[in-house]
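# Structural features, examined
So you can see what is in the structure, the chains are spelled out below.
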Amino acid sequence: MEVVPLTTGSEVAELAADILEAAVRANPRAVLGLATGSTPLPTYAALIERHDRGDGPSYEAVQCFTLDEYLGLPPDHPQTYRATIARELTDRLHIPSSQVHAPDPDPDGLTTAGERYEKAIVAAGGIDVQVLGIGADGHLAFNEPGSSLASLTRVKTLTEQTRHDNARFFGSSEQVPRHALTQGLGTILRARRLLLLATGSEKSSALAAAVEGPLSAACPASVLQLHPDVTVLTDAHAGSSLARREHYREVYAAKAELPNGADN
Ligand code: PGA
């Protein structure tokens, strides 16, 4: 695992944008896995700004998959993750909406929705880079503590804490849906590369548990330890509880001395 302890949220955003742009430059048909929530927004803003300036790659052949989708919202609700990712990123990068996928929350097809989403990811060639945030309780996507480390896309129940955390998008936690379809931890492990972004002091203990604690369903993000190609970008607040912070900094500073990608 490569852990990059940065100082500010904007450093996290600029480096994350560099990594995503490089993936699309290397493969214009790249498949991106996209997180919603607040953490990736500065990264998405950086990608849009570069694209608007004419500095970014073309995204017209890129395919995108969201990590999750709420159940029980009207299809035209602005807080569906399909609407959110279009508004915050993919429309602005001019990615055709037919190439942007989210789990299908239609109640009539719910029993097959997880399997259909898994198949759609496989049919697209698998996710090249998956952007991730982390919950204050260590969740990844909507895989709350206790989730199977091998799980695939399925329905999960949000914890009261997560509904409380997401109330800012809805007005009150009562309005936050109780259920969601989410990529499983096993789905996330299938992506070729994982890019975890963590900013803010409320993430510091979850991040330390995920990166340096035991592999455990009690901290779903600890599943990252099983993946061979993970980059964690953290600001000073989110990184403040990492015991090996100085070592990660030294490794990152010395990276230029190694051939490409030789230390991860
Ligand atoms: P946040 O959410 O980016 O809005 O903090 C992260 C998460 O809950 O996974």
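For the structure itself, consult the block above.
Residues numbered from 1 in each chain as written. Predicted model: local features only at pLDDT ≥ 70, side-chain atom pairs only at ≥ 80, totals over all residues. Heavy atoms only, no water.

### Some remarks on the overall build of the chain
Just so we agree on the cut-off: Runs of H or I in DSSP of at least four residues are treated as helices and runs of E of at least two as strands, each being numbered from the N terminus. In this description the radius of gyration comes from C-alpha coordinates, and the expected globular size is given by 2.2 Å times residues to the power 0.38. Here the term buried applies to any residue with accessible area under 20% of the maximum for its type, exposed to any over 50%, and partly exposed to those in between, with areas from a 1.4 Å probe on protein chains only. A contact between two residues is defined here by any heavy atoms of the two lying within 4.5 Å. Areas reported here follow the Shrake-Rupley algorithm with a probe of radius 1.4 Å; residue values treat only the protein chains shown as occluding. When charges are tallied, Lys and Arg are placed among the positive residues and Asp and Glu among the negative ones, while His and the ends of the chain are skipped. A single reference atom marks each charge: NZ on Lys, CZ on Arg, CG on Asp, CD on Glu.
Within the chain, the secondary structure is distributed over 8 helices and 10 strands. Against the globule reference of 18 Å for 264 residues, the chain gives a C-alpha radius of gyration of 17 Å, in line with a compact fold. Here the C-alpha coordinates of the chain stretch approximately 55 × 40 × 35 Å along the principal axes. By the burial criterion, 51% of the 264 residues in the chain qualify as buried. Long-range contacts, defined as pairs at least 24 residues apart, comprise 78% of the intrachain contacts of the chain with a sequence gap of at least 6. With the model as given, the accessible surface of the chain reaches about 11,700 Å², and the carbon-plus-sulfur share is 53%. Measuring between centres, the 22 positive side-chain charges of the chain sit 3 Å from its 33 negative side-chain charges.

### Considerations on the pattern of salt bridges
Worth spelling out the cut-off: Any carboxyl oxygen of Asp or Glu within 4 Å of a side-chain nitrogen of Lys or Arg constitutes a salt bridge here.
Going through the model one piece at a time under the given rule, you end up with 16 salt bridges. Across the pair Arg 87 and Glu 88 runs a salt bridge whose closest N-O atoms are separated by 4.0 Å. Ionic pairing is found between Glu 160 and Arg 163, a salt bridge with its closest N-O pair at 3.2 Å. Of the two residues, Glu 160 and Arg 163 are both situated in helix H5 (residues 160-165); the distance of 3 residues between them amounts to about one turn of the helix. Classification of Arg 163 by relative accessible area gives buried; the value is 5%. Here the salt bridges share partners, and the residues they tie into one network are Glu 14, Asp 18, Glu 21, Arg 25 and Arg 50.

### Some words on the pairing of strand E1 (residues 2-5)
Here is the rule: Two strands qualify as a pair provided DSSP detects at least 2 bridges between them.
The alternating pattern of E1 places Glu 2 and Val 4 on one face and Val 3 and Pro 5 on the opposite face, and all of these are buried. Sheet topology places E1 next to strand E10 (residues 230-234); 4 bridges connect them, and they run parallel. Bridge assignment links Val 3 to a residue of E10, and that residue is Val 232.

### Quick notes on unusual backbone geometry
Of note in this structure, His 94 is not a glycine but carries a positive phi near 60°. Within the secondary structure, His 94 sits in the loop between helix H3 (81-90) and strand E5 (100-101). By relative accessible area, which is 55% here, His 94 ends up exposed. The residue Ala 141 is not glycine, and still its phi comes out positive at about 50°. Structurally, the position occupied by Ala 141 is in the loop between strand E6 (129-132) and strand E7 (154-157). By relative accessible area, which is 11% here, Ala 141 ends up buried.

### Focus: the nonpolar core
Let me state the cut-off plainly: Only buried residues count toward a nonpolar core, which is a set of Ala, Val, Leu, Ile, Met, Phe, Trp, Tyr and Cys residues joined through side-chain atoms within 4.5 Å.
Leu 32, Leu 140 and Leu 233 are the most contacted members of the largest nonpolar core, which totals 62 residues. By residue number, the principal contributor to this core is helix H1 (residues 9-26), which donates 8 residues. Not counting residues within four places of it along the chain, the set of residues in contact with Leu 140 comprises Leu 132, Gly 133, Leu 185, Ile 188, Leu 196, Pro 220, Ala 221, Val 223 and Leu 224.

### Side note on helix H7 (residues 204-212)
Helical geometry note: an α-helix holds 3.6 residues per turn, so side chains three or four residues apart project in the same direction. Listing the buried residues of H7 in full gives Ser 204, Ala 206, Leu 207, Ala 208, Ala 210 and Val 211. Looking at the buried residues of H7, the elements they touch are E1, strand E9 (193-198), E10 and helix H8 (245-253).

### A closer look at the pairing of E10
The element E10 is largely enclosed, with a buried count of 5 among its 5 residues. Side chains of E10 alternate between two faces, with Val 230, Val 232 and Thr 234 and Thr 231 and Leu 233 buried alike. Relative to E10, E9 is paired through 5 bridges, and the arrangement is parallel. Paired with Leu 195 across the two strands is Thr 231, which belongs to E10.

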